[in-house]
Amino acid sequence: MDVSPLAGKLAAQEMLVDVPRLIASYYSEKPDPSVPAQRISFGTSGHRGSAIKNSFNENHILAITQAICLYRKAKKIEGPLYLGFDTHALSSPAFATTMEVLAANSVEVMIAAGDEYTPTPAISHAILKYNRERKTGLADGIIITPSHNPPADGGLKYNPPNGGPAGTDVTNWIETKANQFLDSNLDHVKRTSYDKALRASTIHRHDYLNTYIKDLGNVIDMGIICDSKVKMGVDPLGGAGVHYWGPIADHYHLDLTVVNKIVDPTFSFMTADWDGQIRMDPSSSYAMQRLIEMKDHFDISFACDTDHDRHGVVTKSIGLLNPNHYLSVVVFYLLQHRPLWSSDAAIGKTVVTTQLIDRITSNLGRKLNEVPVGFKWFVDGLLNSSLCFGGEESAGASFSRLNGAVWTTDKDGFIPALLSAEITAKLGRDPGIVYSELIKEFGEPIYERIEATATPEQKEKLKKLSASQIKSKTLAGEKINSILTNAPANNAPIEGVKVITENGWFAARPSGTENMYKIYAESFLDNDHLKNILNEAEDIVKTALK
C-alpha cells in the first residue's frame, strides 16, 4: 500500500471539495441507468456515491426512497420512520429529497428537533425504544450518510424494525425496485415540495439528542468516570455527534473537552488519510494526527467518524490504538465487569477481525460467533441478547446494556469511546497499558490490511473463490489447517476466502463499495512471517483473478 506524501498533513486548499458544484450536480445531473457505476447498488452499508460521478444524485434518492416506501407497505411496517442525516455536503439535499417522497407517500416521519444532525446510533436506539413491547405498527429508519467516506460522497442506508443495517434480502429487494424506477425515468415515484413536506401532518419532531444521552448511563458506568475525574478529550471530526458531546459531559458531570466543534462540509480541518484523500476515519493514524498530537493533554481521548458509528481511541501510553487492539481490550474488560450479563451470551466478531479476541474469549470460557464482514450479521444476536458484543476490525462495535439487554443493533461510536474512560477509571490504567498486558499473556498479533484495484468482473471471481482453487498445503512455512469460504457461526458465504494456520491467517475479499479487493493478514510470530503470509496471499488472489 503506497502512502501518499500528503498523508497526515493538513488538507491543502486544492484538495477541498467544491461544495456549490457538488450540490448543483446533485440536482442537475441525471444518472444513466445503462452505465453500471451510475445504477443503485447497496454495498455493506447502503448506497454510496458522488454527485459529480453521477452515482449519488437526486434521481437515486427519489428512486430509493420510493422503493423503501413500497417495501414498508409490502411488509406492513406501519409505525414511524426515524430519519437522520450527517454533515456531508450531499446529506442535506438528500434529506430534503427523502422528505419529499416520504411525505407524498403519507409515511409518519420523525426528524430531529431543531434540524439537528443525527448520528446512526441515535436512529437505531430510537427504533428499538419505539418497538419495545410492540408486535405491530413497528418503526424503522433511514440514515443519510456515507460514513467516513470523503467529503464529495453521499450515502443512504435503511434500517428495518430490528434497528440494525438491513440484511441482503432487504437491500436486494430495495435495490431492484429502485433501479426499476431509474429505468422508467422515475415513473410512479410520488413526490411533493419540500415546503409542503415540512408542513405535512405526518412529519413530527423527535428529541434524538436528549433521549439518547439520558439513556447512556444504562450502558456505560458514568458514575465511576465522574467520580474518578478522568480527563477526556473528544474530536467529533466535524460529524453528526458534534453537538452531543457537550450535553453528555454536562448531564453526567464529566471532565470532557470537545477539542474541535467545527462543522465544515469541506472538512478542511482534517489531515489527509494514507492515500492523500480527506477521510474522517478515526482508526487511521494519518487522519487522527491532530488528536494524537494532543494525547498528553488528557488521560484518554477519542474520536468518532462522520455518522458516529465508528470510534478511535488515543491513549497517553501508546497513542492511537489499532481497532483490533482496542476491541480485544474491550472484550477482555466487558466480560469481567458486566456481572448482570448472561454467561451464555456470545462474543461476535467478523472473519477479518483479530484472533486475539478468540484467545481471550476462550480463556474466559465464552462462546465466539465468527460471521462474514458487515455489521448486519450481528443484528439478530444483539437484539435477542444471545450476543453481548459485536465488533469488526474497521472500528465498529456495539454491546449490551449494563443489565444485558439490547442497546443498539447498529454500530455505536459513542459507547466504545466512553468505555475507554470507564476502563481507565476502573482499572487505574489506560487501554494501551491493558493491551500490553494482554499480549504478554495471549501472544502479540501483527496485523495488516492491503488493498489493490480490481475490476467488477475480478471482484465477482474473488467473491466466488472456492477452497479447491487453493492448491498449496502450506502458508508462510506452516501447514494450512483450514480454508473457509463460509463463516463458522452461521455458514453464510464470506464472499472471499480465509486461510488459517497455527500462528497466522489471511482473508481476501472484494470491497463492497469500491473497485478494489482487500487482503487482511495476521501473524502471532513476527513481521517476516506476516510479510510472507501477505506475499503468498497476493499470489493466490492474483492466480484466482486471472
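Here, every reference points to the structure presented above.
Residues numbered from 1 in each chain as written. Predicted model: local features only at pLDDT ≥ 70, side-chain atom pairs only at ≥ 80, totals over all residues. Heavy atoms only, no water.

J.: Just checking my understanding: could you explain the overall build of the chain for this structure?
T.: Scanning the chain for helices and strands turns up 17 helices and 23 strands. Relative to a compact globule of 546 residues, whose C-alpha radius of gyration would be 24 Å, the chain shows 22 Å and is just as compact. The principal-axis extents of the C-alpha atoms in the chain amount to approximately 65 × 60 × 50 Å. Considering the chain as a whole, with its 546 residues, one finds that 60% of them fall into the buried category. Taking the contacts inside the chain whose residues are at least 6 apart along the sequence as the reference set, 70% of them involve residues at least 24 apart. Counting every atom, the chain has about 20,900 Å² of accessible surface; 47% of that belongs to carbon and sulfur. On the chain, the mean spot of the 55 positive side-chain charges and the mean spot of the 64 negative ones are 5 Å from each other. (Helix = DSSP H or I, 4+ residues; strand = E, 2+ residues; numbered from the N terminus. Rg over C-alpha atoms; globule rule 2.2 N^0.38 Å. Buried < 20%, exposed > 50% of the residue type's maximum accessible area, 1.4 Å probe, protein only. Contact = heavy atoms within 4.5 Å. Areas by Shrake-Rupley, 256 points an atom, 1.4 Å probe, with all protein chains shown as cover. Lys, Arg positive; Asp, Glu negative; His and termini not counted. Charge placed at Lys NZ, Arg CZ, Asp CG, Glu CD.)

J.: It is not clear to me how the environment of His 251 should be interpreted in this structure. Could you clarify?
T.: Tracing the backbone through its elements, the reader meets His 251 in helix α9 (residues 245-252). Along the sequence, His 251 and Asn 210 sit 41 residues apart, while their C-alpha atoms lie 9.5 Å from each other. Among all residues touching His 251, those that are not within four sequence positions of it are Ile 213 and Lys 214.

J.: So what exactly am I meant to see when it comes to empty space enclosed by the protein here?
T.: Vacant regions in the atomic arrangement are exposed by a probe of water-molecule size rolled over the atoms. Inspection of the entire model under this criterion finds 2 cavities of 30 Å³ or more. What the largest cavity holds in volume is close to 90 Å³. In terms of lining residues, the largest cavity is bounded by Phe 42, Gly 43, Thr 44, Ser 45, Gly 46, Lys 157, Tyr 158, Asn 159, Pro 165, Ala 166, Thr 171 and Lys 376. Of all elements in the fold, only β1 (42-43) and β6 (153-159) reach the threshold of two or more residues within the lining of the largest cavity. Ranked by residue count, the leading element in the lining of the largest cavity is β6, at 3 residues. Among the residues making up the lining of the largest cavity, the classes are represented as 4 nonpolar, 6 polar and 2 charged. (1 Å grid on protein atoms, 1.4 Å probe; cavity = no way out; pocket = protein on both sides within 12 Å on 5 of 7 lines; lining within 4 Å. Points joined across faces, edges and corners; volume = space filled by probe spheres on them. Nonpolar A, V, L, I, M, F, W, Y, C, P; charged D, E, K, R; others polar.)

J.: Can you walk me through unusual backbone geometry in this structure?
T.: Only a minority of non-glycine residues have a phi that is not negative, and only a minority of peptide bonds are not trans. Phi is positive for Leu 186, close to 70°, though the residue is something other than glycine. Looking at the element boundaries, Leu 186 is found in the loop between α5 (168-183) and α6 (194-199). Residue Leu 186 is classed as buried on the basis of its relative accessible area, which comes to 17%. Unlike most non-glycine residues, Phe 267 shows phi in positive territory, near 55°. Checked against the element boundaries, Phe 267 lands in the loop between β9 (255-258) and α10 (289-293).

J.: Help me out: how do you make sense of the packing of helix α11 (residues 323-334) against helix α12 (residues 356-363) in this one?
T.: What describes two packed helices is the angle between their axes and the distance between those same axes. Running from N to C, α11 and α12 cross one another at 10°; their axes reach a closest spacing of 9 Å. As far as their axial angle goes, α12 and α11 are roughly parallel. Every residue of α12 that contacts α11 at Leu 327, Ser 328, Val 331 and Phe 332 is listed here: Leu 356, Ile 357, Ile 360 and Thr 361. Among the residues making up the contact of α11 with α12, the classes are represented as 6 nonpolar, 2 polar and no charged. (Axes fitted to C-alpha atoms, helices over the stretch in contact; angles between N-to-C directions. Parallel < 35°, antiparallel > 145°, perpendicular 65-115°, else oblique.)

J.: Is there a simple way to explain the packing of aromatic side chains in this structure?
T.: Centre-to-centre distance and the angle between the planes together describe a pair of aromatic rings. Under the definition given, this model contains 17 aromatic pairs. Seen from their ring centres, Tyr 26 and Tyr 27 are 4.9 Å apart, and the 85° between their planes marks the pair as edge-to-face. According to the relative accessible area criterion, Tyr 26 is buried, its value standing at 0%. Cluster of aromatic residues (ring-pair linked, three or more members): Tyr 212, Tyr 244, Trp 245, Phe 302, Trp 407 and Phe 414. Stacked on the ring of Phe 524, the Lys or Arg Arg 359 has its end atom at 3.6 Å from the ring centre. Over the aromatic face of Trp 505 sits the side chain of Lys 498, whose NZ or CZ is 4.5 Å from the ring centroid. (Phe/Tyr/Trp six-rings, centres within 6.5 Å; stacked < 30°, edge-to-face > 60°. Lys NZ or Arg CZ within 6 Å of the ring centre and 35° of its normal.)

J.: What's the story with the sheet that holds strand β14 (residues 368-371) in this structure? I'm lost.
T.: Across a sheet, paired strands are connected by hydrogen bonds in the backbone, their directions being either parallel or antiparallel. Spatially, 4 strands are ordered β14-β13-β15-β16 in an open sheet, and the strand pairing comes out mixed. The open sheet is flanked by β14 and β16 (396-399), the only strands paired with a single partner. Strand-to-strand, the axes of this sheet are offset by a mean angle of 15°, without reference to chain direction. (Pairing = 2+ DSSP bridges.)

J.: What exactly am I supposed to notice about the packing of helix α2 (residues 58-74) against α5 here?
T.: Where α2 meets α5, the closest approach of the two axes is 8 Å, and the angle between their N-to-C directions is 130°. By the angle between their directions, the pair α2 and α5 is classed as oblique. Relative to α5, α2 is oriented so that their crossing is right-handed. Only Val 170, Trp 173, Ile 174, Lys 177, Ala 178, Phe 181 and Leu 182 of α5 make contact with α2, whose side of the interface consists of Asn 59, His 60, Ala 63, Ile 64, Gln 66, Ala 67, Ile 68, Leu 70, Tyr 71 and Ala 74. In terms of residue class, the contact of α2 with α5 is built from 13 nonpolar, 3 polar and 1 charged. (Left-handed = near helix turned anticlockwise from the far one by under 90°.)

J.: Explanation requested: the pattern of salt bridges in the structure shown.
T.: Pairing between side chains of opposite charge can happen when their charged atoms approach one another. Inspection of the entire model under this criterion finds 25 salt bridges. Here Lys 498 makes a salt bridge to Glu 370, at a shortest N to O gap of 2.6 Å. In this pair, Lys 498 is assigned in strand β21 (residues 493-500) and Glu 370 in strand β14, connecting sequence segments 128 residues apart. An identical accessibility class is assigned to Lys 498 and Glu 370; each is buried. In this structure, a network of salt bridges that share partners links the residues Lys 157, Asp 307, Asp 309, Glu 392 and Lys 411. (Salt bridge = Lys/Arg side-chain N within 4 Å of Asp/Glu carboxyl O.)

J.: Please explain the sheet that holds strand β4 (residues 109-112) as it appears in this structure.
T.: Ordered in space as β1-β2-β6-β5-β3-β4-β7, the 7 strands form an open sheet in which the pairing is mixed. Of all the strands in the sheet, the pair left with one neighbour each is β1 and β7 (203-206). With 3 bridges connecting them, strand β5 (residues 140-144) and β6 associate as antiparallel partners. Considered in β6, the bridge of Gly 141 is made with Asn 159.

J.: Any chance you could explain the side chain of Arg 310 here in plain terms?
T.: Its location among the elements puts Arg 310 in the loop between β10 (300-304) and β11 (311-315). A polar contact is formed between the side chain of Arg 310 and the backbone oxygen of Ser 394, at a distance of 3.1 Å. Beyond its immediate sequence surroundings of up to four residues, Arg 310 is in contact with Ser 147, His 148, Pro 282, Ala 303, Cys 304, Asp 305, Ser 394, Ala 395, Lys 411 and Gly 413. (Polar contact = N/O pair within 3.5 Å; in protein donor to acceptor, adjacent residues only side chain to side chain.)

J.: Would you mind showing me how to read the side chain of Asn 105 here?
T.: Looking at the secondary structure, you find Asn 105 in the loop between α3 (91-104) and β4. Side-chain polar atoms of Asn 105 contact the backbone oxygen of Val 101, separated by 2.8 Å.

J.: Before we go on, may I ask you to explain the pairing of strand β13 (residues 346-350) in this structure?
T.: Each regular strand carries side chains that alternate between the two faces of the sheet. Counting buried positions along β13 gives 5 out of 5 residues, so the element sits mostly inside the fold. Burial along β13 is two-sided: Ala 346, Gly 348 and Thr 350 and Ile 347 and Lys 349, pointing in opposite directions, are all buried. Note: β13 against strand β15 (residues 387-392), 4 bridges, orientation parallel. The partner of Lys 349 across the bridge, within β15, is Gly 391. The pairing of β13 with β14 spans 4 bridges and is parallel. Opposite Ile 347, over in β14, you have Leu 368 as the bridge partner.

The analysis is restricted to geometry; functional conclusions fall outside its scope.
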